[in-house]
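# Results of the structural survey
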Amino acid sequence: MKVLNKVFYNKNAIIIFFITIALCIFGLIMVYSASSYNAQNLYGNSTYFLNKQIIGFLLGLVAMLILANVNYNFLAKLYIPALILGIVLLVVVLIPGVGISNYGARRWIGFGAFSFQASEVAKFCFILFCAGYMTKNATKMTTFKGSLPVLLAGGIICALIMLEPNMSVTICVGVVMLTMLLIGGMQPKHLALMSIPIASAIPLLILLEPYRLKRLFAFIDPWASPQGEGFQLIQSLYALGAGGMFGTGLFNSRQKYAFLPFSESDFIFSIIGEELGFVGAVMVLLLFFVLIYFGYKVAINAKNRFGCYLGVGITSILAVQVLLNVAVVSGAVPPTGLPLPFISAGSTSLVVFMAAIGVLLNISKQSRV
Amino acid sequence: MKKDYTIYNLQKRLLCIICIVTFAFILIGVKLFLVIVVQSKSLQTKAISQWTRDLTLSGVRGSILDTNGNVLASSYTSYNLYVRPASIIDAQNSADTIGSILNIDSQKILDKIQNKKVSEVLIQKQISPEVALNLLGANLNGVYLTETSTRQYPYNNLLTSVLGFTTIDNDGQAGLEDYYNRFLVGTDGYSLTDGTITGVELSNATTQYIAGIKGCDITLTIDVGLQQILEGVLEKSLTEQKATSALGIIMNAQNGEVLSMATKPSFNLNEIPREDVQTLLKLSKNTAITDVYEPGSTFKIFTTASALSLGITNLEERFYDPGYRVVDGQKIKCWKTKGHGSETLVEGFSNSCNSVFMDLGLRMGVEKFYSNLKTFGIGQKTGIDFNGESSGILMDQNIVKNVDLARISFGQAVAVTPIQMITSICGVINGTLYQPRFIKSITTQDGIKTFNSIPVRQTTTQQVRKDLNYLLEQVLSTQGECQFVTGYHIGGKTGTAQKYEDGKVAQGKYISSFVGTYPASNPQYVLLLCVNEPSNGMYYGGQVAKPYGKEIFSKLFNYLQIPPDNPDMIDTTNLVQVPNVVGMSILDACAILKSIKLDYYFNEEVEVVFSQAIPEGEFVEIGTIIILG
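Residues numbered from 1 in each chain as written. Chains lettered and ligands numbered in written order. Predicted model: local features only at pLDDT ≥ 70, side-chain atom pairs only at ≥ 80, totals over all residues.

Glancing now at the overall build of chain B. Per the secondary structure count, chain B includes 20 helices and 25 strands. Each of the 629 residues in chain B was classed as buried or not, and the buried ones make up 44%. (Helix = DSSP H or I, 4+ residues; strand = E, 2+ residues; numbered from the N terminus. Buried ≥ 20, exposed ≤ 12 C-beta atoms within 10 Å, placed from the backbone.)

What follows is the structure in structure tokens.
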């Protein structure tokens, strides 16, 4: 324990580190299980997705360890460049030729073999901006005027992400923005006032794109269109239902045989439920919960306001994404594509989240506890 | 946390956020529990059905056997060829290989297997085991064979309209195959294989087989030996008499069993002309059951039976026939326009004199005659185990005038089906009307269900049927030959009926029929023969149908090894061989026949003989009448 304490500075950091690593390794196993069949079929190599994920994990590990040992306070000065970077990435991704389209949305920026999802990076840029700005203008944050730059930046980023389009990340950013404003000291009445345009924007956005309306109906009654809009949700429910209390056993999923689309990425939690059952799924959720709990704990105990805000932002985005992903998979909210942090196949998300955890570890290192 | 940098309660707000997150996690946990645990069973059931690819294994159809266990119809295992397009690696090559093995156009196969929208596509049905082995030997990916069965009929075109046939999918389509379909069909089994959404089998897939169950075997009352005799003779009659069709039935008079039934022409059941629907419908129709005809003189059996039952005549009663009767001012001719003169009932029956039966009919009156006809089963379906039976046509009792009654009495203005005719004849000469049937027994999984004879009602008293059988025997022993088939007591009656087309008599179109009964005194084997539209010059039942009846009976005795019951009558000293007189002038022919002590009969109009009732070379007794046409 003493050795661990020396390396990881305190108990909170130890827990966060090990849970993160555990989730990542568990993710590697599940990515392999869920994707090997499709990988063999599409790329002639059953470890195609696993290999990419391992690279992401190694890159993420490096990023995490570096950031864990770099004083996070240098980030406080970068909040404006961060915002600019985020916006630039989101604009660049929209440029045909640079941005790569997939499944009807332009979300990836590619340089040869390397490509990454712009919004994955941009949402952390936004958090950094919020934390930096709110620290600098702490006293003004209780006023509506003081919180306007945050709202403006959030609005621009949300609008850009919606242009890709990517509804789920937009929701994520929106929720995190509200959390940041709450923690920044916004008055409850202002928060309530703000939720009105946001609440009214959602039905507007749904009506704007017919496919969203279809998805909404499919969510209300997926069996009405089992081969159409309801297909993915039904297949996800089949997987979970097939799992039962204890699951069919690791690697024994049947739904991964091309029945469940995106079984290795956005819907990997369905495969977890199928192979490991309710018990396994709840264990994974518990790990996430503990991680999130300790994330907030680190934020509370942060050395300074910036650390606190940054910690809350990082942890909140993790919480929102986990909850939203599992809610979609289990049919609690309408389907929207969002990766499960650390577990879903997708190296951008993995690297970015691991890097963020690195920052969190550094906040913990410098905390007063 | 230092108080100095909090101007509001940050800790409290964070706690609030943690609470919200915790609550959300609990909600999600509950939702997961509902989906994974509570709805598990119903979701699993639905999921399993999409995980497995099922292919049908057809349950083999039951066989059809004749009364002695000879197989009339059976099924052998054959294969249906399916392809799963998703598993095809080289479509062109696969299509070519399959095409060359099956000997079909490979382009058609290629079109089918390139359709990636379907997980399975049927290429060919009912492939023989040898071809199936070749396909397996070709080692193609994505090619699957499922078991099915092919119907085969070992006797080819025998019993065609009775057995009927099945659809390509082994479902009864016509005849007994259709009527007894629910017993014959097997219960399908399945093969379930784990597969992906596109139908590709998993590499570690296990296949579960649920075997099909064979259908029941059914045994018929048909005797294939008799059937072959009947059909052979019918075929012969078709060519010799240039008839459009011919049919025959042999029935066991004592229980209603159909021993053989045939309609000709027919087709080979192993080469069903499915493309030519018109021909198929025409030839597969069992006209012995579905179609009606005007019976003519054979119907006089019922008139006589009815009159004898009512006691209004007796065998010795004398009648006078001037060649016609005048009924309600209308002159109705006897077939012999010169008239038969004075004759007893026995002679009148043998002569088939219309006047006698007109007298009997009018004497009975509509009410009593009809009542008896209905007792005999005329105008009603027999209830035979076959689809599409007709009930025959009996004029409405209330509109029958005396003229109609007179005509019905000798077999006109009434229509029966052949099965009804023979069933009712069996009924009156045996005393009990039986429901005719083809079914003898059904062999199920649990055992054999045997069908007993189904008596419908009593028809005639012992005295009446004794007289009737005597009358029938006299027909054959006085009409020319002393012995119909030498050494056997056989009863019989011929009939010649006009055909009607569009409600009018069709000139020159006749149905010549013959009814035979053996043994004459207590008949067991009853034969009905109908030759439709003979066009080789002769049309009388005695000329056209009777000789074939004789041939059938002599072959029947030989086949069933029935020894002569009247050996005393076999006397070769009195026999002469019939010469050929066809082509001679009528005077020359008569002279030749006279010279060898044969009698003759001809219509006055005849000048040159173009037909003779008894063919050249037959041995007949001295004094036999040879009818010339």
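Here the focus is the overall build of chain A. The helix and strand tally for chain A stands at 13 helices and 3 strands. When burial is assessed residue by residue, chain A has 54% of its 369 residues classed as buried. Taking all contacts inside chain A whose residues are at least 6 apart in sequence as the whole, residues at least 24 apart take part in 69%. (Contact = placed C-beta atoms within 7 Å.)

Moving on: the sheet that holds strand β9 (residues 245-252) of chain B. Residue and element names in this part refer to chain B. Ordered in space as β10-β9-β21-β20-β19, the 5 strands form an open sheet in which the pairing is antiparallel. Each edge of the sheet is formed by a strand with only one pairing partner; in this case those strands are β10 (258-264) and β19 (491-501). Adjacent strand axes in the sheet meet at a mean angle of 10° when their direction is disregarded. Of the strand pairs in this sheet, β9 and strand β21 (residues 525-532) are connected by 8 bridges, and their pairing is antiparallel. (Pairing = 2+ DSSP bridges. Axes fitted to C-alpha atoms, helices over the stretch in contact; angles between N-to-C directions.)

Okay, the pairing of strand β25 (residues 625-628) of chain B next. Residue and element names in this part refer to chain B. Taking every second residue as pointing to the same face, the buried face of β25 carries Ile 626 and Leu 628, while none of Ile 625 and Ile 627 on the other face is buried. Pairing of strand β23 (residues 599-602) with β25, which is carried by 4 bridges, proceeds in the parallel orientation. Bridge pairing in β25 places Asp 599 opposite Ile 625.

This next bit is on the interface of chain A and chain B. Many analyses report the size of an interface as the accessible area lost when the parts associate. Each partner contributes residues to the interface: chain A has 39 residues there, and chain B has 33 residues. Listed by contribution, the elements that provide at least two residues to the side of chain A that touches chain B are α7 (167-184), α10 (231-243), α11 (268-300) and α12 (305-329) of chain A. Sort the elements by how many residues they give to the side of chain A that touches chain B and α11(A) lands first, with 12 residues. Each residue belonging to the side of chain A that touches chain B can be placed in one class, and the counts come to 26 nonpolar, 11 polar and 2 charged. (Nonpolar A, V, L, I, M, F, W, Y, C, P; charged D, E, K, R; others polar.)

When you line up the elements, Val290(A) lands in helix α11. On the basis of neighbour counts, which here come to 13 C-beta atoms within 10 Å, the residue Val290(A) falls in the partly exposed class.

Okay, the packing of helix α14 (residues 354-376) of chain B against helix α15 (residues 402-409) of chain B next. Each pair of packed helices can be summarised by the angle the axes make with each other and by the distance between the axes. All names here are of chain B. α15 packs onto α14 with a crossing angle of 115° between their chain directions and a minimal axis gap of 8 Å. Here α15 runs roughly perpendicular to α14, going by the angle between their axes. Crossing handedness for the pair α14 and α15: right-handed. For the pair α14 and α15, contact is made by Phe 357, Met 358, Leu 360, Gly 361, Leu 362, Val 366 and Phe 369 and by Asn 402, Leu 405, Ala 406, Ile 408 and Ser 409, respectively. (Parallel < 35°, antiparallel > 145°, perpendicular 65-115°, else oblique. Left-handed = near helix turned anticlockwise from the far one by under 90°.)

Turning our attention to the confidence of the model for chain B. In regions of low pLDDT, the predicted coordinates are not meant to be interpreted in detail. Across chain B, the average pLDDT comes to 86, with 93% of residues at 70 or higher. Across residues 1-5 of chain B, where pLDDT falls below 50, the model places 4 contacts with residues more than four positions away in sequence or in other chains. (pLDDT = per-residue confidence, 0-100.)

This part covers the nonpolar core. If you look at the biggest cluster of nonpolar residues, it comprises 134 residues, and the most contacted ones within it are Ile127(A), Phe129(A), Cys130(A) and Tyr309(A). Among the nonpolar cores identified, the runner-up in size contains 117 residues, and Phe165(B), Ile218(B), Leu433(B) and Leu556(B) belong to it. (Core = buried A, V, L, I, M, F, W, Y, C linked by C-beta atoms within 7 Å.)

Right, let's talk about unusual backbone geometry for a bit. Between Glu164(A) and Pro165(A) the backbone carries a cis peptide bond, its omega angle lying at 0°. A cis amide bond links Tyr518(B) with the next residue in sequence, Pro519(B), at an omega value of -15°. Within the secondary structure, Pro519(B) sits in the loop between β20 (504-518) and β21. Unlike most non-glycine residues, Phe251(A) shows phi in positive territory, near 75°. One non-glycine residue, Asn170(B), adopts positive backbone phi at about 65°. Its location among the elements puts Asn170(B) in the loop between α6 (160-163) and α7 (175-179). The class of Asn170(B) is buried, set by 24 C-beta atoms lying within 10 Å.

Turning to the environment of Gly142(B), a few remarks are in order. All names here are of chain B. Within the secondary structure layout, Gly 142 lies in the loop between α5 (129-137) and β5 (143-152). C-beta crowding within 10 Å serves as the criterion here: with 19 such atoms nearby, Gly 142 is assigned to the partly exposed category. In this structure the C-alpha to C-alpha distance between Gly 142 and Ser 94, which are 48 residues apart in sequence, comes to 9.4 Å. Once residues within four sequence positions are removed from consideration, Gly 142 is found in contact with Val 83, Arg 84, Ser 87 and Ile 88.

To continue, consider the pairing of β10(B). All names here are of chain B. Extensive coverage of β10 is indicated by the burial of 7 of its 7 residues. Pairing of β9 with β10, which is carried by 6 bridges, proceeds in the antiparallel orientation. What sits directly across from Leu 247, in β10, is Thr 263. Remark: 5 residues form the turn of the hairpin made by β9 and β10, two consecutive strands paired antiparallel; Gly 256 in that turn has positive phi of roughly 80°.

A few words on the packing of helix α3 (residues 48-68) of chain A against helix α13 (residues 347-365) of chain A. Residues and elements named next belong to chain A. Put simply, α3 and α13 touch, their axes get as near as 7 Å, and they point 20° apart. Overall, the two elements α3 and α13 adopt an arrangement that is roughly parallel. Relative to α13, α3 is oriented so that their crossing is right-handed. Classifying every residue of the contact of α3 with α13 gives 17 nonpolar, 6 polar and 1 charged.

Attention now goes to the environment of Tyr500(B). Residue and element names in this part refer to chain B. The residue Tyr 500 is located in strand β19 in this model. With 14 C-beta atoms packed within 10 Å, Tyr 500 lands in the partly exposed category. As for Tyr 500 and Tyr 510, which are separated by 10 residues in sequence, their C-alpha atoms are 9.0 Å apart. Apart from residues lying up to four places away in sequence, Tyr 500 is in contact with Val 505 and Ala 506.

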